[in-house]
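# Chain and residue survey
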Amino acid sequence: MSGPVPVIWVLIGFNAVFIGVFVFRRVTGRPPLAGPLALLSQGLFVAVTCLFFFQEDAQQLLNWLIEAF
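Overview of the structure. Since the model is a prediction, treat every value here as computed from it, not as a measurement.

### What about helix H2 (residues 35-53)?
A rise of 1.5 Å per residue sets the reference length of H2, with its 19 residues, at 27 Å; its end C-alpha atoms lie 27 Å apart and thus fit the reference within 8%. Of all the positions in H2, only Ala38, Val48 and Thr49 are classed as buried. The buried residues of H2 occupy an angular sector of 110 degrees when the element is viewed end-on, so they sit on one face. Looking at H2, the residues exposed on the side facing more than 90 degrees away from the buried face are Pro36, Leu39 and Leu40. Where the residues of H2 are buried, they touch helix H1 (7-27).

Definitions and cut-offs
Residues numbered from 1 in each chain as written. Predicted model: local features only at pLDDT ≥ 70, side-chain atom pairs only at ≥ 80, totals over all residues. Heavy atoms only, no water. Helix = DSSP H or I, 4+ residues; strand = E, 2+ residues; numbered from the N terminus. Expected span 1.5 Å × (residues − 1). Buried < 20%, exposed > 50% of the residue type's maximum accessible area, 1.4 Å probe, protein only. Arc of directions from axis to C-beta. Contact = heavy atoms within 4.5 Å.

Shape descriptors only; they carry no functional weight alone.
Right, here's the structure in full:
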């Protein structure tokens, strides 16, 4: 199989990493992440997921921001 990897597989892999870290921390009995670190990781998860689902909108927003500044 040649060519670029479909976007859905990249998103599934990205989500699997986050879920894997969550499950690993639960299984090993580690405490939840500290407040700011938890917010940062959750924000990153949501941002990347939204960028994959709304690529055209993200590109339009980026172009608008570049033109505005």
